[in-house]
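An overview of the molecular structure
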Amino acid sequence: MTTAPIPGLDRAPTTHRRLLAWVREVAELTTPEQVVWCDGSQGEWDRLTTRLVEAGTLVRLTAKPNSFWCASDPADVARVEERTFICSRERADAGPTNNWMDPVDMKIIMTEQFRGAMRGRTMYVVPFCMGPLGAEDPKLGVEITDSAYVAVSMRVMTRMGSQALAAFLDDEGTERDFVPCLHSVGAPLAPGQQDVPWPCDNTKYISHFPEERMIWSYGSGYGGNSLLGKKCYSLRIASVMAREEGWLAEHMLILKLTSPQQKVHYIAAAFPSACGKTNLAMLEPTIEGWKVETLGDDIAWMRFGEDSRLYAVNPEFGFFGVAPGTDWHTNPNAMRTVERGNTLFTNVALTDDGDIWWEGMGEPPAHLTSWKKQDWTPASGEPAAHPNSRYRTPITQCPITAPEFDDPNGVPLSAILFGGRRADTVPLITESRGWEHGVFLGATLSSETTTAAVGKVGVVRRDPMAMLPFIGYHAGDYLQHWITMGKHSDADKLPKIFHVNWFRRGEEGRFLWPGFGENSRILKWAIERIEGTASAVATPIGYVPTTAALDLTGLDTPIEDVRATLKVDEAQWRAELPLIEEWFDTIGDKLPATLREELYALTERLA
Ligand code: GDP
Ligand code: PGA
Ligand code: MN
Ligand code: MN
């Protein structure tokens, strides 16, 4: 059989042989109408967004510059954990918390899914770099996608295009390695077939090949499933690299906190999806003289520096924020960031004057177009924006982005916070008794499920280091890696680990703690503990502040509520013990002995 050459395939702006060979192989398998190598230019953005508007995928907003509204297929609104696979050669290497399939079997299945999958579509080749381009060992990737929406989103979320491609050859002209990331929405077009605004397939696969360091994603256009530099590369594949190379790839924000005395501390924090990372990263402190700047809102890569301190880098270049709940009171810096334009909004509501609206943004207008593309009025009785609706916006636009976010060396961490969404039991803040106890707090982290992933919402599950859906290997090995990392440095150089919970509830389910900007009071206490100036009470679960130890100046919240958020209810904690035990049993033999010992010690302290 002879096939016509695919237009654009030979217009490659690189001589990188492995890349050229892979692009050709994918084009021959997926048979797109043409191939486009993305350069990341403004002209390319304008071309692609114009095409997406014509296709009905995007609506140009009139109220914000260079910004767009998009409504997805109603069945493609979140990460699909049930369809996410770690295809290590050995099943045991994926561990008990991941879906596993044999890599050969998965490739056979997915090759048939990809065969002809791009028919009638353009295949975009998007070279990208996770982390600063100036890094000594830049972490490169190439996403091949048949979605123009993914291609433009990659421009917001990563360093991509010509600037990234330049790094594919090192100073000597040697070809660097990259992670091949293949994505198709899985909706080929027959000749003359009319496209839909949001093509996708009912069948979805998000597959990772950790030994080969390769990602194949099929059937979804949702951010976490389709922007493969993010969760798939920077967490699942990177966690495997990190373990081998002695660093950490974590689901963490990074912020810079400056005290009134101009003392600087960097803090990283891991909370499960939709549990407050983006908001904490952009916090506007309510306490006098304190300043927060942001370096990242979702992912941190951490390694020890020559001074034995742990340094963190944000591999991303944009924010992928939860829209509902974001407004001028809760997160003014996010509002300022998106006001500047260049932002893609997915599954929020559209106003009649070409702006966006979502729940939590104050009084709704009398009429909206809902995320389901239906007329919506306040009487409609359902949310106008999907609860997991999102904005994608460049980090460089955030008015409080710290310039060192682009430093390849990263920033030295003073503290790591682990947090979740717990209606009871877990106090506002607890300081660990040391690194290993801190790892125990992370390893036993629990949180109510949210709409960021498909499935039941509000169910408490264990989510180690907020990484449950993102650990690319065995969870027991992962926890051991955390323990081992702590041995690389002296206790006084390691970041101090804390456990936080902004979501404890009182009667009628109301939140006891106001959260958002008020969380600065909690950060302040953490820093004062590090500096040795704040007091704490030793409890069976760790060190907890009294209301007197916190700076509550000007706080409206009743003192009884603050006291209730800080309470260590030993009966509730005793009820937690069998749940932790059960979780540890799930991990099995590879659970580090240190963590069993920590559980035993906690049990003793609670007896
Ligand atoms: P992320 O997905 O972890 O980055 O979480 P976000 O920062 O996007 O927040 C997820 C949801 O939780 C949003 O609806 C926020 O408005 C809400 N949220 C964030 N921080 C707080 C807080 O401190 N208190 C309360 N009650 N809600 C919060
Ligand atoms: P989030 O990012 O953590 O900000 O929700 C998306 C996700 O984790 O799916
Ligand atoms: Mn996340
Ligand atoms: Mn976020």
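All values reported here derive from a predicted model rather than from experimental measurement.

Glancing now at the side chain of Thr84. Within the fold, Thr84 resides in strand β4 (residues 84–86). Each residue touching Thr84, except ones within four places of it in the same chain, is listed here: Asn99, Ile206, His208 and Arg236.

Every protein donor of the manganese ion (ligand 3) is accounted for by Lys231 (NZ), His251 (NE2) and Asp298 (OD), and the metal-donor separations fall at 2.0 to 2.2 Å. Here the manganese ion (ligand 3) is ringed by six donor atoms whose angles at the metal span 62 to 168°, and the overall shape comes out irregular. Separating the manganese ion (ligand 3) and the manganese ion (ligand 4) is a distance of 5.5 Å. Of this pair, Lys231 sits in helix α8 (residues 229–245) while His251 sits in the loop between β12 (248–250) and β13 (252–258); the two residues are 20 residues apart in sequence, bridging distant segments of the chain. Here Lys231 matches His251 in class, with each residue buried.

Turning our attention to the domain arrangement of the chain. We note that the domain assignment places domain 1 (17–58 + 81–245), domain 2 (248–316 + 402–606) and domain 3 (319–397) within the chain. Placing the centre of domain 1 and that of domain 3 at their C-alpha centroids yields a distance of 28 Å. Domain 1 puts 13 residues into the contact, and the matching count from domain 3 is 11 residues. Considering only the surface of domain 1 that becomes buried against domain 3, Tyr149, Val156 and Tyr222 emerge as the three largest contributors, covering 45% of it.

What follows deals with the sheet that holds strand β19 (residues 344–346). Strands in a sheet are paired, the pairing made by backbone hydrogen bonds, and the direction either parallel or antiparallel. Spatially, five strands are ordered β2-β3-β19-β24-β18 in an open sheet, and the strand pairing comes out mixed. Here the strands that pair on one side only, and so sit at the sheet edges, are β2 (58–60) and β18 (318–322). Ignoring which end each strand starts from, the neighbouring axes of this sheet average 20° apart. By the bridge criterion, three bridges tie β19 to strand β24 (residues 390–394) in an arrangement that is antiparallel. Residue pairing in the sheet places Phe345 in a bridge with Tyr391 of β24. Along the sheet, helix α10 (residues 332–339) makes contact with β19 and β24, crossing β24 at roughly 70°.

Below, the discussion takes up the UniProt feature "domain: Phosphoenolpyruvate carboxykinase GTP-utilising N-terminal" (unreviewed entry) in the chain. Mapped onto this numbering, the UniProt entry gives "domain: Phosphoenolpyruvate carboxykinase GTP-utilising N-terminal" (unreviewed entry) at residues 22–243. With 32% helix and 22% strand, residues 22–243 has its two end C-alpha atoms placed 27 Å apart.

Ordered by their spatial adjacency, four strands build an open sheet running β21-β20-β22-β23, and the pairing between neighbours is antiparallel. What marks the edges here is a single partner per strand, and that holds for β21 (356–357) and β23 (375–376). In the sheet, strand β20 (residues 349–351) pairs with strand β22 (residues 368–369) via two bridges, with the strands oriented antiparallel. Residue pairing across strands places Thr351 opposite Leu368, the latter belonging to β22.

What follows deals with the site of ligand 2. In the region of ligand 2, the neighbouring residues are Arg79, Lys231, His251, Ser273, Ala274, Lys277, Asp298, Phe320, Arg390 and Phe470. Separating an oxygen atom of ligand 2 from a side-chain N or O atom of Lys277 is a distance of 2.6 Å. In the model, an oxygen atom of ligand 2 is placed 2.8 Å from a nitrogen or oxygen of the Arg390 side chain. Across the complex, the protein chains shield 98% of the 270 Å² of accessible surface that ligand 2 would expose by itself. Tallied by class, the residues present in the shell around ligand 2 amount to three nonpolar, two polar and five charged.

Right, let's talk about the packing of helix α2 (residues 42–54) against helix α5 (residues 148–157) for a bit. Contact pair α2 / α5: the axes reach a minimum separation of 10 Å and the direction vectors enclose 140°. For the pair α2 and α5, the sense of crossing is left-handed. Between α2 and α5, the contacting residues are Gln42, Trp45, Leu48, Thr49 and Leu52 on the first element and Ala148, Tyr149, Ala151, Val152, Arg155 and Val156 on the second. In terms of residue class, the contact of α2 with α5 is built from eight nonpolar, two polar and one charged.

Here we take up helix α16 (residues 593–606). An ideal rise of 1.5 Å per residue puts 20 Å on 14 residues; α16 measures up with 20 Å between its terminal C-alpha atoms. Listing the buried residues of α16 in full gives Thr594, Leu595, Glu598, Leu599, Leu602 and Leu606. Mapping the buried residues of α16 onto a view down its axis gives an arc of 145°, with all of them on the same face. Turned more than 90 degrees off the buried face of α16, the exposed positions are Glu597 and Tyr600. In this structure, the buried side of α16 is in contact with α11 (435–443), α12 (475–486) and α15 (570–587).

With that settled, consider the packing of α11 against α12. Here α11 crosses α12 at 155°, and the two axes come no closer than 10 Å. Considered as vectors, α11 and α12 are oriented roughly antiparallel to each other. For the pair α11 and α12, the crossing hand works out as right-handed. Touching Trp435, Glu436, Val439 and Ala443 of α11 are Leu479, Trp482, Ile483 and Gly486, all from α12. Within the contact of α11 with α12, the residues separate by chemical class into six nonpolar, one polar and one charged.

This next bit is on the site of ligand 1. Not every one of the 18 residues close to ligand 1 is listed here, only the nearest: Ala274, Gly276, Lys277, Asn279 and Pro324. The fraction of the free accessible surface of ligand 1 (570 Å²) that becomes covered by protein chains is 91%. When residues of the shell around ligand 1 are assigned to their parent elements, the largest contribution, three residues, is made by helix α9 (residues 277–281). Taken together, the residues of the shell around ligand 1 sort by class into nine nonpolar, seven polar and two charged. When residues of the shell around ligand 1 are sorted by domain, at least three fall in each of domain 2 (248–316 + 402–606) and domain 3 (319–397).

The next point concerns the UniProt feature "binding site: substrate" (unreviewed entry) in the chain. UniProt feature "binding site: substrate" (unreviewed entry): in the numbering of this structure it lies at Arg79, Tyr222, Gly223, Gly224, Ser273, Asn388, Ser389 and Arg390. Separation in sequence by 312 residues is not matched in space for these annotated residues, since their most distant C-alpha atoms are only 14.4 Å apart. Beyond its immediate stretch of four places on either side in the chain, Ser273 contacts Arg79, His251, Thr450, Ala452 and Phe470. Here Asn388 is to be found in the loop between β23 and β24. Of the residues examined, Asn388 reaches a relative accessible area of 2% and is grouped as buried. Sequence-distant contacts of Asn388, defined by excluding residues within four places in its chain, comprise Val77, Ala78, Tyr222, Thr451 and Ala452.

The rules behind each value
- Residues numbered from 1 in each chain as written.
- Chains lettered and ligands numbered in written order.
- Predicted model: local features only at pLDDT ≥ 70, side-chain atom pairs only at ≥ 80, totals over all residues.
- Heavy atoms only, no water.
- Helix = DSSP H or I, 4+ residues; strand = E, 2+ residues; numbered from the N terminus.
- Contact = heavy atoms within 4.5 Å.
- Donors = N, O, S within 2.8 Å, 3.2 Å for Na, K, Ca; no water.
- Tetrahedral: all angles 85-135°; square planar, octahedral: opposite > 155°, others 65-115°.
- Buried < 20%, exposed > 50% of the residue type's maximum accessible area, 1.4 Å probe, protein only.
- Domains from an automatic or database assignment.
- Buried area = accessible area lost by both parts, 1.4 Å probe.
- Pairing = 2+ DSSP bridges.
- Axes fitted to C-alpha atoms, helices over the stretch in contact; angles between N-to-C directions.
- UniProt positions renumbered as here; feature names shortened; annotations may be inferred.
- Near = heavy atom within 4 Å.
- Polar contact = N/O pair within 3.5 Å; in protein donor to acceptor, adjacent residues only side chain to side chain.
- Areas by Shrake-Rupley, 256 points an atom, 1.4 Å probe, with all protein chains shown as cover.
- Nonpolar A, V, L, I, M, F, W, Y, C, P; charged D, E, K, R; others polar.
- Left-handed = near helix turned anticlockwise from the far one by under 90°.
- Expected span 1.5 Å × (residues − 1).
- Arc of directions from axis to C-beta.
- Parallel < 35°, antiparallel > 145°, perpendicular 65-115°, else oblique.

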